[in-house]
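The chain contents come next:
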Amino acid sequence: MKKVIILILLSVGLTAHAQYWWTGWSQQTGLVLCIHQTDSSYELYSPLQTSDPIPVSKWSLQGDTLRLECASIGFKTTLIKQDSIWSGTWRQGIMKESITFHPSDTLYQLRRPQTPLPPYRFNEETVTTDYTDSQGNAIHLEGTLSVPYGSTLRYPCLMLVSGSGQQNRDEEILFHKPFLVLADYLASRGIAVLRYDDRGMGASTGPLDSADTRLFAEDAEAMFNALKANSHIDLNRLGIGGHSEGGAIAPMVATRNKDVKFIVMLAGQGCTGLEVLVQQNEALFRAKGVSDSLVSIRTRCMRDLFGLPQESSVKDYQVVILRQTSGLTKEQIDSIDLRKGTAYTLKQQLDSRWMRTFLSLDPADYLPKVQCPILALQGSKDCQVVALPNIARIAELSRKNIHYRIFTGLNHLFQHCATGSPDEYVQIEETFAPEAMKAIADWILSLP
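Predicted model only: the values in this text are computed from it and were never measured.

Helix α9 (residues 353-360) packs onto helix α4 (residues 273-287) with a crossing angle of 100° between their chain directions and a minimal axis gap of 5 Å. Classified by the interaxial angle, the pair formed by α4 and α9 is roughly perpendicular. Of the residues in α9, those touching α4 at Gly273, Leu274, Val276 and Leu277 are Met355, Phe358 and Leu359. Taken together, the residues that form the contact of α4 with α9 break down as six nonpolar, one polar and no charged.

For the structure on display, the rule yields zero disulfides. Cysteine 372 supplies the cysteine sulfur nearest to cysteine 157, a cysteine that is in no disulfide, at a spacing of 14 Å. The thiol of cysteine 271 is unpaired, and the distance to the nearest cysteine sulfur, on cysteine 383, comes to 15 Å.

Here we come to the pairing of strand β10 (residues 122-132). Note: β10 against strand β11 (residues 138-148), 11 bridges, orientation antiparallel. Bridging from a neighbouring strand, asparagine 123 pairs with valine 147 of β11. Taking the residues between adjacent antiparallel strands as the criterion, β10 and β11 are bridged by five residues, where glycine 136 takes a positive phi near 85°.

Below, the discussion takes up helix α6 (residues 314-325). Its 12 residues place the ends of α6 16 Å apart at the C-alpha level, agreeing with the 16 Å of an ideal helix rising 1.5 Å per residue. Along α6, the positions that sit buried rather than exposed are Tyr317, Val320, Ile321, Gln324 and Thr325. Looking straight down α6, one finds that the buried residues subtend no more than 115° of arc, so they occupy a single side. Across from the buried face of α6, at angles greater than 90 degrees, the exposed residues are Lys315 and Leu322. Summarising the contacts, the buried residues of α6 are in contact with α5 (292-306), α7 (330-335), α8 (342-350) and α9. At the C-terminal side of α6, glycine 327 shows a positive phi close to 90°.

What follows concerns the nonpolar core. Judged by nonpolar contacts, the single largest core of 73 residues is most densely connected at Leu145, Met159, Ile263 and Leu305. Counting residues per element, this core draws most heavily on helix α2 (residues 213-227), which supplies eight residues. One finds Leu158, Tyr185, Phe407 and Phe414 within the second-largest nonpolar core, a separate group that totals 29 residues.

Taken together, eight strands build an open sheet; the order of strands is β10-β11-β13-β12-β14-β15-β16-β17 and the sheet is mixed. Of all strands in the sheet, those with a lone pairing partner are β10 and β17 (402-407), marking the two edges. This sheet shows a mean twist of 20° between the axes of neighbouring strands, independent of strand direction. As defined by bridge partners, β11 adjoins strand β13 (residues 192-196) across four bridges and the pair is classed as antiparallel.

Calculation notes
Sequence order sets the numbering: in each chain, residues are counted from 1 along the sequence as written. Local features in this predicted model are restricted to residues of pLDDT 70 or higher, and side-chain atom pairs are both shown and tallied only at a pLDDT of 80 or more, whereas totals for entire chains, interfaces and linings draw on every residue. Excluded from the side-chain calculations are hydrogens and water; all other atoms, namely the structure's heavy atoms, are used. Helix axes are fitted to C-alpha atoms over the stretch in contact, other axes to C-alpha atoms as well, and angles between N-to-C directions run from 0 to 180 degrees. Each helix is a run of H or I in the DSSP string that is no shorter than four residues. Each strand is a run of E no shorter than two, and both are numbered from the N terminus. Note on terminology: angles under 35 degrees are roughly parallel, angles over 145 are roughly antiparallel, angles of 65 to 115 are roughly perpendicular, and the others are oblique. What makes two residues a contact is simply this: any of their non-hydrogen atoms within 4.5 Å. Classification used: nonpolar for Ala, Val, Leu, Ile, Met, Phe, Trp, Tyr, Cys and Pro, charged for Asp, Glu, Lys and Arg, polar for all others including Gly. Note on terminology: disulfide denotes any pair of cysteine sulfur atoms within 2.5 Å. Should DSSP find at least two bridges between two strands, the strands are regarded as paired. Here the expected length of a helix is defined as 1.5 Å per residue gap, with one fewer gap than residues. Accessibility here uses a 1.4 Å probe with only protein chains present; expressed as a share of the type maximum, an area under 20% marks a residue as buried, one over 50% as exposed, and anything in between as partly exposed. This arc is built from the directions going out from the helix axis to the C-beta atoms. To qualify as a nonpolar core, a set must consist of buried Ala, Val, Leu, Ile, Met, Phe, Trp, Tyr and Cys residues joined through side-chain atoms within 4.5 Å.

Below, the structure is given as structure tokens:
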């Protein structure tokens, strides 16, 4: 199938001998997009697709608002400048997406220096399990166990559970492989790691239409039970580590499986699912530079929408959005992504089984029941699971056996970052901050 090249260009007004670069990421297409302003024109690069520049066909600049058109591919966009960052919405065919461009020094080049290459610092074994979940579905799960080199017969072991959305065993996102990087580091410290493909990804199979966090917890427990039979594992030092949604799954499993000897929560939630999403909306739009007053409107609107009954119609969603955005200009409405058509999109998202389960998820139902030690780590610039409210509630609900830490300057993926916005992930070369990996290893090795 022929790939589609997405065209986005921008202007800040041409000046003699100007050489400017901006880099953005299209979530829908998974493409890195680079904009280059030369002395007299603009070029777009899609470096993951082609090395050739793509020119813009038509543009106009009024104040801080730029409108672009590429008639040959039916493309139009409007971008608004705040400081040195440009944000807007682009349309091409039936695709429509918000996008943000950050300034950069040159054309984006994919660099992931932490990703280990063979030969690894560990031996690899395949771990599989087949079981029937509580809905009667036949599930096959497969993963990789990284065993440190050495003469020790049994090692402490951490099983990793990925965040929301279907992930492969490396939790790969934008060419980052955080679970592989972490497994490599922990192996160098004498700790074994199991990472596995989520159902429906890689070598794992199973239906997704009716899957939610609780079913994913069943998958994790099935994989954990399969891991217990491995001869390299010290069963007295066998734990579960989860990232984001996986940080909720790990304690869920521990409440009903006493063989879980410790838990590592990486950017895990402490607040209810509804509160996490409200906090996320506020943090994401603040990271984009949206004013406090507009962020408050977005936050109030989302809280009202999250609270609507499932049987609510698109019209009910529209009523809420129109009430909250009354009196705003089109530009203000666009800046908080509550434009026409948002009601339908949000209803589709909120009607899913996974989302309805997540909104009602409350760590108070399981964290107080956990008997094993817990390590909870967060990044201070996390915009997806906001650090302070969530780490505080994790500490409150756990009450004992809890060690927690907020790393200054790290985002949701535990990368050093500027704003914490997911728009930055693709541009950041670091996959996993060394100080965070060291904290995990030090804590596991300190356990009795």
